[in-house]
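# Breakdown of the fold
So the chains spell out like this:
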Amino acid sequence: QAQLVESGGGLVQAGGSLRLSCEASGRTFSSYAMGWFRQAPGKEREFVAALTWSGAGTYYTDSVKGRFTISRDNAKNTILLQMNSLKPEDTAVYYCAADPSLPVLRTLKGRYWGQGTQVTVSS
């Protein structure tokens with residue numbers, strides 16, 4: 001059974017950094033678009049970043065451009081999200097997701113989802 005497991009979340013002060021990891025298992029995701037999403041308390045889940053199956057194409061929501069970097073290692077079935085210059089408004093549960101289609105993934109309708117990892121940024 002295909003599974004995505006996130007790790008790397010935690011508590012950090014504003015201006016700090018965290019690196020999230022999403023490890024896929026149960027099948028190979030090398031042909032899938034993969035991405036990160038987040039949901040803050042009382043808010044809807046939103047797109048953060050995504051990349052194509054090759055990693056050649058990367059996409060970010062405007063609020064994280066220049067601060068977050070998404071990458072993947074298909075040999076390890078893993079994607080990463082390097083988050084720098086974190087702000088209190090980045091506080092949320094961060095989810096990893098995968099879908100054969102990047103457009104579908106970006107609409108939050110990806111086929112596979114992880115359980116999420118909490119990121120808390122204190123001011």
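Let me sum up the structure you'll find in this document. This one's a predicted model, so the numbers in the text were calculated from it and none came from an experiment.

If you look at the biggest cluster of nonpolar residues, it comprises 28 residues, and the most contacted ones within it are Met 34, Trp 36, Leu 81, Met 83 and Tyr 94. Contributions of two or more residues to this core are made by β3 (18-25), β4 (33-39), β5 (46-51), β7 (68-73), β8 (78-83), β9 (92-99) and β11 (117-122). The next biggest cluster of nonpolar side chains, apart from the first, holds 7 residues, and it includes Ala 50, Ala 97, Leu 102 and Leu 105.

What follows is about the state of the cysteines. Across all of its chains, the model carries 1 disulfide by this definition. Linked covalently through their sulfurs, Cys 22 and Cys 96 form a disulfide whose S-S length is 2.1 Å. The sign of the S-S torsion, about -75 degrees, decides the handedness of the disulfide formed by Cys 22 and Cys 96: left-handed. Linking Cys 22 in strand β3 with Cys 96 in strand β9, this pair joins segments that are 74 residues apart in sequence.

This model, assessed by the stated rule, comprises 4 salt bridges. Between Arg 38 and Glu 46 there is a salt bridge whose closest N-O contact spans 2.6 Å. The exposure class assigned to Glu 46 is partly exposed, which follows from its relative accessible area of 35%. Between Arg 67 and Asp 90 there is a salt bridge, with the nearest N and O atoms lying 2.8 Å from each other.

For any pair of aromatic rings, the description consists of the separation of the ring centres together with the inter-plane angle of the planes. Applying the stated rule across the entire model yields 5 aromatic pairs. An angle of 85 degrees between the planes, with centres 5.3 Å apart, marks the rings of Phe 29 and Tyr 112 as edge-to-face. Taken together, the residues Phe 29 in the loop between β3 and β4 and Tyr 112 in strand β10 (residues 112-113) connect sequence positions 83 residues apart. Note on Tyr 32 and Tyr 112: the rings are 6.0 Å apart at their centroids and 45 degrees apart in plane angle, and the pair reads as tilted. Residue Tyr 32 is located in the loop between β3 and β4, and its partner Tyr 112 is located in strand β10; the two are separated by 80 residues in the primary sequence. Here a set of aromatic residues connected by ring pairs shows up, and it is made of Phe 29, Tyr 32 and Tyr 112.

Turning next to the environment of Val 119. For Val 119, the position within the fold is in strand β11. Val 119 gets classed as buried once you look at its relative accessible area, which sits at 0%. In this structure the C-alpha to C-alpha distance between Val 119 and Thr 91, which are 28 residues apart in sequence, comes to 5.4 Å. If we ignore the near neighbours within four places in the chain, the residues touching Val 119 are Gly 9, Gly 10, Leu 18, Leu 20, Met 83, Asp 90, Thr 91, Ala 92 and Tyr 94.

Another aspect to go through is the pairing of β7. Side chains Phe 68, Ile 70 and Arg 72 of β7 all project onto a buried face; the interleaved residues Thr 69, Ser 71 and Asp 73 project onto a face where none is buried. Pairing between β7 and β8: 6 bridges, direction antiparallel. Its bridge partner being in β8, Thr 69 is matched across the sheet by Gln 82. Here β7 hands over to β8 after 4 residues, with Asn 77 in that stretch at a positive phi of 55 degrees.

About the cut-offs
- Residue positions are given per chain, counting from 1 as you read along its sequence in written order.
- Selection of residues for local features in this predicted model requires a pLDDT of at least 70, selection of side-chain atom pairs for listing and counting requires 80 or more, and totals for whole chains, interfaces and linings are taken over all residues.
- Here the side-chain values reflect all heavy atoms present in the structure, with hydrogen atoms and water set aside.
- Throughout this description, the term nonpolar core refers to a set of buried Ala, Val, Leu, Ile, Met, Phe, Trp, Tyr and Cys residues connected via side-chain atoms within 4.5 Å.
- Here's how the labels work: a residue is buried when its accessible area is under 20% of the maximum for its type, exposed when over 50%, partly exposed in between, all with a 1.4 Å probe on protein chains only.
- Numbering of helices and strands starts at the N terminus; helices are DSSP runs of H or I of at least 4 residues and strands are runs of E of at least 2.
- Put simply, a disulfide is two cysteine sulfurs that come within 2.5 Å.
- Here a salt bridge means any side-chain nitrogen of Lys or Arg lying within 4 Å of a carboxyl oxygen belonging to Asp or Glu.
- Only rings of Phe, Tyr and Trp enter the pairing, Trp through its six-membered ring, and a pair is recorded when the two centres are within 6.5 Å. The plane angle decides the type: under 30 degrees is stacked, over 60 is edge-to-face, the rest tilted.
- By definition in these notes, contact holds between two residues if any of their heavy atoms fall within 4.5 Å.
- One bridge is not enough; two strands pair if DSSP finds at least two bridges between them.

Everything listed here is a matter of geometry and, on its own, says nothing about what the molecule does.
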